[in-house]
Amino acid sequence: MKRREFMGAAAVGALSAVTLSGEAAAAAPHAPGPAAPAAGGGAPGGPFPPAWPDPRPYGAADGRSELWLRDDNSFVLDLELRPQDADLGRVWMRDTYVNRFDVDGRSVYVATGTTRAAGRPNASPWNDGLYLWTAPALEGPWTLVDTTGVRPGAARGKVWSPEFVGENAPGRTVVAPWQEYWTDDGRFGKRGNVWAPEVHRFRDTWYIVACMGDHSTKVGSFLLVSEGGLEGPYRLAEGNVDKPFGEPFVGGPAFIAPGAYHHIDGSMFSEGDAAWLVLHNDLYARFTDDMEDITTPTDLPEFRQTPYAPEPYLEGAYVQKYRGRYYLMHAAWAWRSGDADPRWSYLEGTGAKDQYDAVVAVADHFVGPYSERWTAGVGAGHNNMFVDEHGDVWATFFRNPANGYWADPARVADGAVAGVVRLEWTGPHTRRLQVARP
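None of these values were measured; they are calculated from a predicted model. (Residues numbered from 1 in each chain as written. Predicted model: local features only at pLDDT ≥ 70, side-chain atom pairs only at ≥ 80, totals over all residues. Heavy atoms only, no water.)

### Side note on the pattern of salt bridges
So the rule is basically this: For this document, the term salt bridge refers to a Lys or Arg side-chain nitrogen within 4 Å of an Asp or Glu carboxyl oxygen. Runs of E in the DSSP output that reach at least two residues are strands. Runs of H or I that reach at least four are helices, and both are numbered from the N terminus. Buried, partly exposed and exposed residues are distinguished by accessible area as a fraction of the type maximum, computed with a 1.4 Å probe on protein chains only: under 20%, between the cut-offs, and over 50%, respectively.
If you walk through the whole model with that rule in mind, you get 22 salt bridges. Note that Arg-432 is salt-bridged to Asp-54, the shortest N-O span being 2.6 Å. Here the residue Arg-432 occupies a position in the loop between strand 25 (419-425) and strand 26 (433-435), and Asp-54 occupies one in the loop between helix 1 (22-27) and strand 1 (60-61), the gap between them amounting to 378 residues. Judged by its relative accessible area of 3%, Arg-432 falls in the buried class.

Encoded structure:
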C-alpha cells in the first residue's frame with residue numbers, strides 16, 4: 001500500500017509494557033451475555049492473531065507499544081489543501097472521520113472532521129464550517145467535493161457553515177438561530193464552532209451528523225439532510241430547528257451558559273430500514289421514519305454497557321457492525337502515573353492526561369449487553385471504523401494535541417491530522433477489533 005505520510009518513530013516512544021496479572025485476568029468477571037470476549041488466544045484452529053489478557057483491575061488502560069499507531073499500520077491522508085492550509089502544508093483536523101460507500105457499483109471514500117478557519121490556531125472559539133473530501137480509494141487522490149454547482153464562487157468543499165444563514169427560507173432551515181455566529185462582551189469575541197461531522201448514506205440520501213461546539217449558543221448534536229448529492233445543498237432536520245438532540249445537562253467548560261449544554265459527538269448507525277442516533281457516554285435514540293427527528297426527544301435510552309467504576313466522561317461514540325457483531329467505540333483519556341514503571345488508567349484523576357485512546361466493547365445486539373471494554377488503539381481516540389473494498393477493517397485517528405503526549409512542544413506540530421490505522425480481528429471466539437500489531 002502506498003503510504004502518503006508515515007507516522008515516524010516518535011509515535012512509538014519508549015514505553016514500558018503494562019504488567020499483567022494472569023490470575024487476576026482469569027478471575028475477573030465479564031459482562032453478561034455471550035458476546036463478552038474472553039482473555040486468551042484467538043479461535044481454535046483459526047488463522048487469527050491472539051487476544052492477550054487485559055491489564056487489571058478493569059479500567060486500567062493498555063499502554064503497550066504494540067497498540068500504538070506506527071508506520072507499518074497507519075498513515076495520514078493526503079487531503080487536497082484549502083487556502084487556509086497553505087502555511088501548515090496539510091489539513092489541520094480533529095475528530096477525523098472516513099468511510100467508504102458503494103455508489104452505483106463503485107467505491108466512494110469520504111473524509112471530514114473538525115477543521116480551523118484561516119488565521120486560527122484551532123477550531124475555537126469559531127471556525128468556518130464543514131468541509132468534505134472524496135477519493136476513489138483509501139490511498140487517494142483526495143480532492144475537495146465539488147460544491148461549485150451549489151454555491152458558485154464560495155469556498156470549494158464547504159457544505160455547511162453558520163455563514164449560510166442567509167439561505168433560510170419559510171419551511172426550510174439551513175442554519176438555526178442557536179447555530180449562528182455571535183459576539184460576546186469581549187472575552188472571546190466572535191463565537192460559534194461546529195465539531196465532529198460524520199457523513200452517512202441511508203435510503204439513497206446523504207446525511208451529516210455533527211455538533212455545535214462549546215462556544216455556540218447551544219452546544220449539542222444535529223442532523224443535516226442533503227437535498228441533492230454528497231455536495232448538498234444541506235438543510236437542517238426539523239427536530240433541530242429549536243435545539244440539539246436530547247435534553248440539556250451539566251457539562252462542558254464553565255463559560256457555557258446554564259441549560260445550553262446538550263449531548264455532543266452525535267453519530268448514526270443504520271441497519272435495514274431503520275437508523276439510530278448514537279451519542280456520547282451511553283445514549284442512543286431511533287430516528288423517526290422521515291428522518292426529521294428522533295422518536296424519543298427526551299429520556300433517551302441507554303446502551304447496556306459494562307461501565308468502569310467510576311465511569312469517566314466518554315466521547316466520540318460510534319457503532320460498527322462487523323461479522324454479525326456490534327462494536328461500540330468510545331474515546332477515553334488514559335491517565336498516566338509513574339515514571340520508571342508507568343501505568344495508565346481510564347479512571348479520572350489517577351495521574352496526568354497522557355493519551356486519548358480508543359476503547360471498544362462488543363455485543364450480539366445493538367443495544368447490548370456489551371462486553372468489558374478493551375484498549376483498541378493508544379492515542380487513536382475519537383474515531384470511527386470502516387471496511388474497505390477488500391474487506392479489511394480500518395479506524396481513523398487524529399492525535400489529540402489538547403493534552404498529554406501530543407501536546408508536548410516537541411510533538412504538537414504533528415497533532416490534529418487526518419489519519420487511518422489498519423485493524424486486526426482476533427477471530428470468532430475472542431471477537432476483538434484492535435490496532436494491527438507487528
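### Examining the sheet that holds strand 15 (residues 267-271)
Which entries qualify depends on this criterion: In this scheme, strands are said to pair when DSSP sees at least two bridges between them. Between the N-to-C directions of two axes lies an angle of 0 to 180 degrees, each axis being a line fitted to C-alpha atoms and, for a helix, fitted only over the stretch in contact.
Sheet architecture is open: 3 strands sit in the order 15-16-17, paired in antiparallel fashion. Both edges of this open sheet fall to strand 15 and strand 17 (284-286), since each of them pairs with a single strand only. Averaged over neighbouring strand pairs, the angle between their axes works out to 25° when direction is ignored. Note that strand 16 (residues 274-278) and strand 17 share 3 bridges and pair antiparallel. Its bridge partner lying in strand 17, Trp-276 is registered against Arg-286.

### Some details on the side chain of Lys-158
We count it as follows: Whenever a nitrogen or oxygen atom comes within 3.5 Å of another N or O atom, the pair is scored as a polar contact, on the condition that within protein one atom can donate a hydrogen and the other can accept it, and that pairs from neighbouring residues in sequence are kept only if both atoms are in side chains. Note on definitions: a residue-residue contact is assigned when non-hydrogen atoms from the two residues lie within 4.5 Å.
Position of Lys-158 relative to the elements: it lies in strand 8 (residues 158-160). At 3.3 Å, the side chain of Lys-158 forms a polar contact with the backbone oxygen of Asp-128. Those residues within four positions of Lys-158 in sequence are excluded, and the remaining contacts are Asp-128, Leu-130, Tyr-131, Thr-147, Arg-151, Glu-163 and Phe-164.

### Description of the side chain of Asn-73
For Asn-73, the location among the structural elements is in the loop between strand 1 and strand 2 (74-76). Residue classification places Asn-73 among the buried positions, given a relative accessible area of 0%. In terms of polar contacts, Asn-73 uses its side chain to reach the backbone amide nitrogen of Arg-70, at 2.8 Å. Within the local environment of Asn-73, its side chain forms a polar contact with the backbone oxygen of Ala-436, the two atoms lying 3.0 Å apart.

### A word on the confidence of the model for the protein chain
Basically, it comes down to this: You can read pLDDT as the predictor saying how much it trusts each residue, on a scale of 0 to 100.
Scored by pLDDT, the protein chain has a mean of 90; 89% of the residues are at 70 or more. Contacts of residues 1-45 to residues separated by more than four positions or lying in other chains number 108 contacts, the stretch itself having pLDDT below 50.

### Description of the sheet that holds strand 12 (residues 205-212)
Strand order in the open sheet formed by 4 strands is 11-12-13-14, with antiparallel pairing between adjacent strands. Both edges of this open sheet fall to strand 11 (194-202) and strand 14 (232-236), since each of them pairs with a single strand only. Here the strands of the sheet are splayed against their neighbours by 30° on average, with no regard to which way each runs. Summarising the sheet, strand 11 and strand 12 pair through 7 bridges and their orientation is antiparallel. What sits directly across from Phe-202, in strand 12, is Thr-205.

### What to know about the packing of aromatic side chains
Defined as follows: Classification of ring pairs rests on two measures: the distance between centres of Phe, Tyr or Trp rings, Trp counted by its six-membered ring, which must be within 6.5 Å, and the angle between planes, read as stacked under 30 degrees, edge-to-face over 60 and tilted in between. Comment: the charge-over-ring label is applied if NZ (Lys) or CZ (Arg) is within 6 Å of the ring centre and within 35 degrees of the ring normal.
Considering all chains together, one arrives at 27 aromatic pairs under this definition. Positioned above the aromatic ring of Trp-126 is the side chain of Lys-190, whose terminal nitrogen or guanidinium carbon lies 3.8 Å from the ring centre. The positively charged end of Arg-399 is found above the aromatic ring belonging to Trp-406, 4.8 Å away from the centroid.

### Examining unusual backbone geometry
The peptide bond linking Ala-309 to Pro-310 adopts the cis configuration, its omega dihedral lying at 0°. Its place among the elements puts Pro-310 in the loop between strand 17 and strand 18 (315-322). Gly-368 connects to Pro-369 through a cis peptide bond whose omega is 10°. Among the structural elements, Pro-369 can be located in the loop between strand 21 (352-363) and strand 22 (374-377).

### As for the nonpolar core
The nonpolar side chains of soluble globular proteins are, as a tendency, buried together. This is how the line gets drawn: Take the buried Ala, Val, Leu, Ile, Met, Phe, Trp, Tyr and Cys residues and link them wherever side-chain atoms come within 4.5 Å; each set so joined is a nonpolar core.
Residues Trp-160, Val-199, Ile-208 and Phe-222 are the most contacted members of the largest nonpolar core, which totals 27 residues. Of all the secondary-structure elements, those providing two or more residues to this core are strand 3 (93-103), strand 4 (106-115), strand 8, strand 11, strand 12, strand 13 (220-229) and strand 14. Apart from residues no more than four positions distant in its own chain, Phe-222 is found in contact with Trp-160, Trp-178, Gln-179, Val-194, Ile-208, Val-209, Ala-210, Cys-211, Met-212, Leu-236, Asn-240 and Phe-245. Within the second largest apolar cluster, 21 residues are counted, among which are Leu-69, Val-76, Val-360 and Leu-423.

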